[in-house]
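# A closer look at the structure
This is what each chain is made of:
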Amino acid sequence: ARIVDETLVPLFRDCQVPQLLIIAALAGMGEEMLFRGILQAAVAEEIGGPHGVWLGLLVAAFLFGLLHPITPTYAVLAGLIGLYLGWLWLASDNLLTPILVHGLYDFIALLYLVKVRNRTAA
């Protein structure tokens, strides 16, 4: 909580709700295009077959977690979320599905951390 309060909240403290929505949507789109649309797809294609599909999922999820190092626990949780988002892409065969889920998650988290929790803690 301290790390979030010291690093994340000050970045977005002055943002209005529509701005948080845009930030979350862009983060969801950008990260999903990179991790699922490029990395996961590239590994799956390079390896080929069912093993490639699952290895692509694991590699993209691992890197997703690794690149969210707020704390070690958060990195592990982000990796698990990455697994879920990658599975959503495989299950739906539509990159828009994990983009929307990721953006919605980010929006709810930002809204809570910056507007709700920050207000109740003051």
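Residues numbered from 1 in each chain as written. Predicted model: local features only at pLDDT ≥ 70, side-chain atom pairs only at ≥ 80, totals over all residues. Heavy atoms only, no water.

## Here's the deal with the packing of helix H2 (residues 17-47) against helix H3 (residues 49-66)
In the contact formed by H2 and H3, the axes pass within 7 Å of each other and the chain directions differ by 145°. Note on packing geometry: the crossing formed by H2 with H3 is right-handed. For the pair formed by H2 and H3, the contact residues are Glu31, Glu32, Phe35, Arg36, Leu39, Gln40, Val43, Ala44 and Ile47 on the first element and Gly49, His51, Gly52, Val53, Leu55, Gly56, Leu57, Val59, Ala60, Ala61, Leu63 and Phe64 on the second. Grouping the amino acids of the contact of H2 with H3 by side-chain chemistry returns 13 nonpolar, five polar and three charged. (Axes fitted to C-alpha atoms, helices over the stretch in contact; angles between N-to-C directions. Helix = DSSP H or I, 4+ residues; strand = E, 2+ residues; numbered from the N terminus. Left-handed = near helix turned anticlockwise from the far one by under 90°. Contact = heavy atoms within 4.5 Å. Nonpolar A, V, L, I, M, F, W, Y, C, P; charged D, E, K, R; others polar.)

## Some remarks on the layout of surface pockets
Quantified by volume, the largest pocket comes out at close to 620 Å³. In terms of lining, the largest pocket is formed by 22 residues, of which the most central are Leu8, His68, Ile70, Tyr74 and Asp106. Among the secondary structure elements, those contributing two or more residues to the lining of the largest pocket are helix H1 (2-12), H2, helix H4 (72-92) and helix H5 (96-121). Looking at the lining of the largest pocket, the element that brings in the most residues is H5, giving six residues. Residue composition of the lining of the largest pocket, grouped by class: 17 nonpolar, three polar and two charged. (1 Å grid on protein atoms, 1.4 Å probe; cavity = no way out; pocket = protein on both sides within 12 Å on 5 of 7 lines; lining within 4 Å. Points joined across faces, edges and corners; volume = space filled by probe spheres on them.)

## Let's talk about the packing of aromatic side chains
What the rule picks out here adds up to two aromatic pairs. Relative to Phe64, the ring of Phe35 has its centre 5.1 Å away and its plane inclined at 90°; by these criteria the two rings are edge-to-face. With Phe35 in helix H2 and Phe64 in helix H3, this pair connects stretches of sequence that are 29 residues apart. As far as the burial class goes, Phe35 and Phe64 line up, both buried. Between Tyr84 and Trp87, the aromatic rings sit 6.2 Å apart at their centres with planes inclined by 25°, giving stacked as the arrangement. Of the two residues, Tyr84 and Trp87 are both situated in helix H4; the distance of three residues between them amounts to about one turn of the helix. Looking at Trp87, the relative accessible area reads 43%, which means it is partly exposed. Geometry around Phe64 places Arg36 over its ring, the cationic atom sitting 4.9 Å from the centre. (Phe/Tyr/Trp six-rings, centres within 6.5 Å; stacked < 30°, edge-to-face > 60°. Buried < 20%, exposed > 50% of the residue type's maximum accessible area, 1.4 Å probe, protein only. Lys NZ or Arg CZ within 6 Å of the ring centre and 35° of its normal.)

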